[in-house]
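# Summary of the model geometry
Next come the chains, spelled out residue by residue.
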Amino acid sequence: MLIDLSGRHPLLRSEISASSIDGNQLVLDTRRLRFAGPQELAAMVTLASSASTDGRDVVLRMPDDEDVASYLQRMNVVDLLAPIATIDGVRISQRRVDCSTKLLEVTALSPANADSIAEGLGRMGESQLCNRTAMAAFHGIAELIDNAVTHGRAGSSGAFVAAQAYSGRTSKRPGLEFAVCDTGIGVLPHLRQNTANTNITDDETALRRALVAGVTGTQQIRGYGLSDLLDATRRGGVGRLVLRSGSAIASVVVRQRRIITSRSVATPIRGAWAWLRVRVP
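Residues numbered from 1 in each chain as written. Predicted model: local features only at pLDDT ≥ 70, side-chain atom pairs only at ≥ 80, totals over all residues. Heavy atoms only, no water.

### A word on the overall build of the chain
Across its full length, the chain holds eight helices and 12 strands. Summarising the internal contacts of the chain: among those between residues at least 6 apart in sequence, 67% fall at separations of at least 24. Accessible area for the chain stands at about 12,700 Å²; split by element, carbon and sulfur atoms hold 47% of it. (Helix = DSSP H or I, 4+ residues; strand = E, 2+ residues; numbered from the N terminus. Contact = heavy atoms within 4.5 Å. Areas by Shrake-Rupley, 256 points an atom, 1.4 Å probe, with all protein chains shown as cover.)

### What to know about the confidence of the model for the chain
Low pLDDT means the predicted coordinates in that region are not meant to be read closely. Confidence along the chain averages 84 in pLDDT terms, with 86% of residues attaining 70 or more. Per-residue pLDDT, averaged within each element of the chain, yields its smallest value for helix α8 (residues 225-236) (53) and its largest for strand β1 (residues 2-4) (98). Here residues 215-225 is modelled with pLDDT under 50, and outside its nearest four sequence neighbours on either side it reaches 26 contacts, counting other chains as well. (pLDDT = per-residue confidence, 0-100.)

### Structural notes on unusual backbone geometry
A positive phi angle, near 45°, is found at H9, a position not held by glycine. You can see H9 is positioned in the loop between β2 (7-8) and β3 (18-19). Phi at N76 takes a positive value of approximately 75°, unusual for a residue other than glycine. Relative to the helices and strands, N76 resides in the loop between α2 (66-74) and α3 (77-81).

### Notes on the environment of R61
Topologically, R61 is positioned in strand β6 (residues 57-61). Looking at R61, the relative accessible area reads 23%, which means it is partly exposed. Each C-alpha atom of the pair R61 and V27 lies 7.4 Å from the other, and the pair is 34 residues apart in sequence. (Buried < 20%, exposed > 50% of the residue type's maximum accessible area, 1.4 Å probe, protein only.)

### A few points about the sheet that holds strand β7 (residues 85-88)
On the basis of which strands lie adjacent, the open sheet formed by five strands has the order β3-β1-β4-β6-β7 and mixed pairing. Where the open sheet ends on each side, the last strands, each with one partner, are β3 and β7. Strand direction decides the pairing type here: β1 and strand β4 (residues 25-29), joined by three bridges, are parallel. Bridge pairing in β4 links D4 to D29. Contacting β1, β4 and β6, helix α1 (residues 38-53) runs over the sheet at an angle of about 165° to β4. (Pairing = 2+ DSSP bridges. Axes fitted to C-alpha atoms, helices over the stretch in contact; angles between N-to-C directions.)

### Description of α1
Its 16 residues place the ends of α1 22 Å apart at the C-alpha level, agreeing with the 22 Å of an ideal helix rising 1.5 Å per residue. The element α1 is extensively covered by neighbouring structure, given that 13 of its 16 residues are classed as buried. (Expected span 1.5 Å × (residues − 1).)

### With respect to the nonpolar core
One finds L109, L121, I145, F178 and V180 to be the most contacted residues of the largest nonpolar core, which totals 40 residues. With residues up to four places along the chain from it excluded, the contact list for F178 reads P38, L121, I141, L144, I145, V161, A162, A163, A274, W275 and L276. One finds L26, L41, L81 and L103 within the second-largest nonpolar core, a separate group that totals 36 residues. (Core = buried A, V, L, I, M, F, W, Y, C linked by side-chain atoms within 4.5 Å.)

### A few points about the side chain of R244
Mapping R244 onto the fold places it in strand β11 (residues 238-254). One buried charge, R244, has no salt-bridge partner; the nearest side chain with opposite charge is E15, at 6.0 Å. Here the side chain of R244 touches R13 through a polar contact of 2.7 Å, landing on its backbone oxygen. A polar contact is formed between the side chain of R244 and the backbone oxygen of S14, at a distance of 3.0 Å. Once residues within four sequence positions are removed from consideration, R244 is found in contact with L11, R13, S14, I16, I249, V265, I269, G271, A272 and W273. (Lys, Arg positive; Asp, Glu negative; His and termini not counted. Salt bridge = Lys/Arg side-chain N within 4 Å of Asp/Glu carboxyl O. Polar contact = N/O pair within 3.5 Å; in protein donor to acceptor, adjacent residues only side chain to side chain.)

Pasting the structure below:
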């Protein structure tokens, strides 16, 4: 399979640009990539890790744009893929500086480091956002991390996270973006573990149901996570959540109320991807 990652934020679009190629390969073609955020970064590593675990050859075609290529290196994408993939293209010489107040490079998520990652992202939010928005971002991120650790790491290649804070110097809107991508069982099979959800038969319905308070894939009285996440985001600022699992994607814009859109997609993914953006109102 060849995945064409071109333009800006290609993995936040509804459809992934994928095509079949000869051989047992996954090719991540970023030659025409113009801007990548945490979703693209974490997803690229997740896709490559999953394909490598399945025994497929992985190729990363580096961006033609030197700034974008440098950013992929800065955010650990190239370092994480180098042991499992062929890197096709020029690597940019760079000197690393500490950017922990505004960047979380792509990192493998595990139960052992989940709390420290969440705490670091909480400090990032406090340094870049107002207190109310920072708290909303922290609650949302902590919930997404907990979801990935609880039923996402069952996948053979685990889960990966990435984040970036924006000062608002250009847009006048400080904000924080966070993404977590896992190769676990996915939202639909997880929800169907609870007998109350056996009537859910497709991924799109599952994503919509996962956003309802009280819906859970366990027998416990829980399942308020994503619903509470969205409420906290609404109180703290302007937010957007994008969920992708199986053959569906859902987007939730949170202002004074939730605006939910969802659809089935042609190219399915293994596990679940989540991207959260919170901005100061």
